[in-house]
Amino acid sequence: MDQQIASFNKKYLPYLLLTLLFFFLTFLLKNVQFKERKSTFSQKMREIYKDTPTAEIAGFDEGEQWSGNMTLDSVRTFDGETGMNIFSNTSTATTVTLVKQINLTSFDIIYTYIYAPDEASAKNVNTLLLQFSSGLDKTTASIAELHGGWNLISIPKTSFDMASFPWNKITSTSLILSAGKGDTAQIAFDRLWAQQPIKNL
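I will try to describe carefully the structure that is included in this document. (Residues numbered from 1 in each chain as written. Predicted model: local features only at pLDDT ≥ 70, side-chain atom pairs only at ≥ 80, totals over all residues. Heavy atoms only, no water.)

## What about the pairing of strand β11 (residues 185–195)?
Then, number 1: Taking burial as the measure, the 11 residues of β11 include 10 buried ones, the bulk of the element.
Then, number 2: Of the strand pairs in this sheet, strand β1 (residues 54–58) and β11 are connected by 4 bridges, and their pairing is antiparallel. Counted as the bridge partner of Thr-54 is Gln-195 from β11.
Then, number 3: As paired strands, strand β4 (residues 83–88) and β11 are joined by 5 bridges and run antiparallel to one another. The residue of β11 that forms the bridge with Asn-85 is Ala-188. (Buried < 20%, exposed > 50% of the residue type's maximum accessible area, 1.4 Å probe, protein only. Helix = DSSP H or I, 4+ residues; strand = E, 2+ residues; numbered from the N terminus. Pairing = 2+ DSSP bridges.)

This is how it looks when you write it as structure tokens:
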């Protein structure tokens, strides 16, 4: 028996090691290329719009006090060290909320990066909403249909459902996700900010 094992190891071990090495190098190259593309795109965006005033709503980084069914993710991140995953596996909406005072009076458009693992996952999203609160007042806007991969989403303030909302006294921000009946929806957010319109978007 020992001789058979030794013979097997001698015959096949080099091939097994080469196979493992191949998969390791493939994984490493894929992740390095993705990080390089992500870094290049993010740096380009920051360089182009560095002189445009912005208001950071959320970075989805360690230390932000989000409440609700969410997890931080260091892999699905586009701008920064971590993104935030949210899930829904029923028609009941999942809501995550960040309590933070913000003044968005001077801005017309809200932007965010959203990641859907693939087209099927994107289609599982039934409802995706961005909601701001100011005391008892709430205003909500629907987020556009997603596609597989990273989506750069723009949401005009005029698309929110409360015309007289006090944009200078925002007290909390919520993201609301629901999946279609019998489906599971999982998406990731990375960076949520307000800015004047980005040309050529």
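What follows picks up the thread again.
## Points about the nonpolar core
Then, number 1: Ranked by internal contacts, the top residues of the largest apolar core, which has 38 residues, are Leu-104, Ile-110, Phe-132 and Ile-187.
Then, number 2: At the level of secondary structure, the elements contributing two or more residues to this core comprise β1, β4, β5 (94–102), β6 (109–116), β7 (125–134), β9 (149–156), β10 (170–179) and β11.
Then, number 3: By residue number, the principal contributor to this core is β11, which donates 5 residues.
Then, number 4: Apart from the residues lying within four places of it in its own chain, the contact partners of Leu-104 are Ala-55, Ile-57, Ile-110, Phe-132, Lys-157, Trp-167, Ile-170 and Ala-194. (Core = buried A, V, L, I, M, F, W, Y, C linked by side-chain atoms within 4.5 Å. Contact = heavy atoms within 4.5 Å.)

## Quick look at the side chain of Gln-131
Then, number 1: Tracing the chain through its elements places Gln-131 in strand β7.
Then, number 2: Within the local environment of Gln-131, its side chain forms a polar contact with the side chain of Thr-140, the two groups lying 2.9 Å apart.
Then, number 3: Beyond its immediate sequence surroundings of up to four residues, Gln-131 is in contact with Lys-138, Thr-139, Thr-140, Ser-172, Thr-173, Ser-174 and Ile-176. (Polar contact = N/O pair within 3.5 Å; in protein donor to acceptor, adjacent residues only side chain to side chain.)

## Points about the pattern of salt bridges
Then, number 1: If you walk through the whole model with that rule in mind, you get 2 salt bridges.
Then, number 2: The shortest N-O distance in the salt bridge between Glu-56 and Arg-191 comes to 2.4 Å. Of this pair, Glu-56 sits in strand β1 while Arg-191 sits in strand β11, and the two are 135 residues apart along the sequence.
Then, number 3: The partly exposed category is assigned to Glu-56, whose relative accessible area is 39%.
Then, number 4: With a shortest N-O distance of 3.9 Å, Glu-119 and Lys-123 are connected by a salt bridge. Linking Glu-119 with Lys-123, this pair stays in helix α2 (residues 119–123), spanning 4 residues, or about one helical turn.
Then, number 5: For Glu-119, a relative accessible area of 39% gives the class partly exposed.
Then, number 6: Using a relative accessible area of 61% as the deciding quantity, one classes Lys-123 as exposed. (Salt bridge = Lys/Arg side-chain N within 4 Å of Asp/Glu carboxyl O.)

## Side note on the environment of Gly-135
Then, number 1: For Gly-135, the position within the fold is in the loop between β7 and β8 (137–142).
Then, number 2: The exposure class of Gly-135 is exposed, given its relative accessible area of 55%.
Then, number 3: For the pair formed by Gly-135 and Ser-172, sequence separation is 37 residues and the distance between their alpha carbons is 8.8 Å.

## As for the sheet that holds β8
Then, number 1: Within the open sheet, the 5 strands sit side by side as β2-β5-β10-β7-β8. Their pairing is antiparallel. Two strands close off the open sheet at either side, each with one partner strand: β2 (66–67) and β8.
Then, number 2: Summarising the sheet, β5 and β10 pair through 7 bridges and their orientation is antiparallel. Residue pairing across strands places Val-96 opposite Leu-175, the latter belonging to β10.

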